[in-house]
Amino acid sequence: MTDNPAATDDVAVSLRARINTGQPHTARIWNYWLGGKDNYEVDRAAGDQIRQLHPGIGEYARADRLFLGRAVRHLAGEVGIRQFLDIGTGLPTADNTHEVAQRVAPESRIVYVDNDPLVLAHARALLTSTPEGRTDYLDEDLRNVDAILEHAAKTLDFSEPVALMLLGVVIFIGDEEDPYRLVRELTGRLPAGSHLVLSHTVTHPSMPDVDEAVKFWNEHGTPKLTQRTPEDVTRFFDGLELLEPGVVSCSRWRPEHDHGAEPEEVAMFGGVARKG
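Here is what the cut-offs are and how they apply
Residues numbered from 1 in each chain as written. Predicted model: local features only at pLDDT ≥ 70, side-chain atom pairs only at ≥ 80, totals over all residues. Heavy atoms only, no water. Helix = DSSP H or I, 4+ residues; strand = E, 2+ residues; numbered from the N terminus. Rg over C-alpha atoms; globule rule 2.2 N^0.38 Å. Contact = heavy atoms within 4.5 Å. Lys, Arg positive; Asp, Glu negative; His and termini not counted. Charge placed at Lys NZ, Arg CZ, Asp CG, Glu CD. pLDDT = per-residue confidence, 0-100. Core = buried A, V, L, I, M, F, W, Y, C linked by side-chain atoms within 4.5 Å. Buried < 20%, exposed > 50% of the residue type's maximum accessible area, 1.4 Å probe, protein only. 1 Å grid on protein atoms, 1.4 Å probe; cavity = no way out; pocket = protein on both sides within 12 Å on 5 of 7 lines; lining within 4 Å. Points joined across faces, edges and corners; volume = space filled by probe spheres on them. Nonpolar A, V, L, I, M, F, W, Y, C, P; charged D, E, K, R; others polar. Salt bridge = Lys/Arg side-chain N within 4 Å of Asp/Glu carboxyl O. Phe/Tyr/Trp six-rings, centres within 6.5 Å; stacked < 30°, edge-to-face > 60°. Lys NZ or Arg CZ within 6 Å of the ring centre and 35° of its normal.

Draft legend 1. Geometry of the overall build of the chain. Looking only at helices and strands, the chain has 10 helices and 8 strands in total. Relative to the 2.2 N^0.38 estimate, which gives 19 Å for 276 residues, the radius of gyration of the chain is 18 Å and therefore close to what a compact globule would have. Taking the principal axes of its C-alpha atoms as reference, the chain extends roughly 45 × 45 × 40 Å. Taking the contacts inside the chain whose residues are at least 6 apart along the sequence as the reference set, 73% of them involve residues at least 24 apart. Treating the 28 positive side-chain charges of the chain as one cloud and the 44 negative ones as another, the clouds have centres 2 Å apart.

Given below as structure tokens:
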């Protein structure tokens, strides 16, 4: 389904040589919290320490993943989006973007983008596809907008609406790098009818343990994180039409339940917005 060299064993072996197993890494810790196996002892130890500082952190990892599924199902099923550009995809796990989208619309096309060598080494799990659709993977950084769009255009048709997925990735762009400009550049290059799906951990007075967990991470792990308030996260959607219920805890974005109880708030906020 792709010409991407990530699908070859030789490249995967060389990539593994670039992986630093002596320092905890956020993608591997996230994988650990989600019950995956693509992590090392150093990641599990750091993940357990962070969980001691913030016991609910595993819940917002799961909430973010469930938010992805609900957003993709809505966009593929109700909106009719057939193209997804997923930047900062992370390690493959259950219900990746292409799996969710192609269950709804088998002809969907998905391009994944990440610059983590461990993710690239596992990219074959992201390169499966229905016969009607297509998936591809780019070894690229969110900051390189031109390169991402140039290579993604080999798989996606940018004259038709695209869903831009930025889940838990702009947190790695410091304020000095102007993450809002990066998001504007990406959305600005997409046609009308495209959608932005974005999630971000938040800092809030009611969640002081989150701040402690992030402080620990920035002292010991890589890459460094920049927390933002819910209001700061909402700014990423400026100029776009936010879908209901706006930017909220990921657990509270159109939850799929019928018992009436509102899900518990987590420190991962997200939203979906349409470009007019």
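Continuing now.
Draft legend 2. Structural detail: the confidence of the model for the chain. Overall, the predicted model of the chain reaches an average pLDDT of 87, with 91% of residues at or above 70. Within the chain, the element-level pLDDT minimum falls on helix α1 (residues 9-16), averaging 55, and the maximum on strand β6 (residues 241-242), averaging 98.

Draft legend 3. Seen up close, the nonpolar core. Residues F84, L85, I87, L166 and L198 are the most contacted members of the largest nonpolar core, which totals 82 residues. In terms of residue count, helix α4 (residues 57-79) provides more of this core than any other element does, 10 residues in total. In this structure, L166 is in contact with I87, L142, V183, L196, V197, L198 and S199, ignoring residues within four places of it in sequence.

Draft legend 4. Structural view of the layout of surface pockets. Of the pockets and cavities examined, the second largest pocket occupies roughly 370 Å³. If you go around the second largest pocket, you meet 20 residues; those closest to its centre are E59, A63, S251, E264 and V266. Take the lining of the second largest pocket: its biggest share by element is 6 residues, from α4. A class-by-class count of the residues in the lining of the second largest pocket yields 9 nonpolar, 4 polar and 7 charged.

Draft legend 5. Molecular detail of empty space enclosed by the protein. The final tally for this structure, using the stated rule, is 1 cavity of 30 Å³ or more. Looking at the largest cavity, its volume works out to about 30 Å³. Contributing to the lining of the largest cavity are T187, L190, S194, H195, L196, L240, A273 and K275.

Draft legend 6. Geometry of the pattern of salt bridges. A full pass over the atoms with the stated rule returns 12 salt bridges. Salt-bridge contacts for R103 lead to D95; the nearest nitrogen and oxygen are separated by 2.7 Å. Of the residues examined, R103 reaches a relative accessible area of 54% and is grouped as exposed. One salt bridge in this structure joins D175 and R228, with 2.8 Å as the shortest N-O distance. With D175 in the loop between β4 (163-167) and α8 (179-188) and R228 in the loop between α9 (208-220) and α10 (230-234), this residue pair connects regions lying 53 residues apart in the sequence. Counted as one network, the salt bridges with shared partners bring together D141, R143 and E177.

Draft legend 7. Focus on the packing of aromatic side chains. Summed over all chains, the structure comprises 2 aromatic pairs. Arranged with centres 5.6 Å apart and planes meeting at 80 degrees, the rings of F67 and W253 form a pair that is edge-to-face. With F67 in helix α4 and W253 in the loop between β7 (248-249) and β8 (268-274), this residue pair connects regions lying 186 residues apart in the sequence. Considered together, F67 and W253 belong to a single accessibility category, that of buried residues. Centre to centre, the rings of Y180 and F236 are 4.2 Å apart; their planes meet at 25 degrees, and the pair counts as stacked. Taken together, the positions of Y180 in helix α8 and F236 in the loop between α10 and β6 put the pair 56 residues apart, joining distant regions of the chain. Taking relative accessible area as the criterion, F236 reaches 4% and is therefore assigned buried. Positioned above the aromatic ring of Y180, the side-chain terminus of R235 is 3.8 Å from the ring centre.

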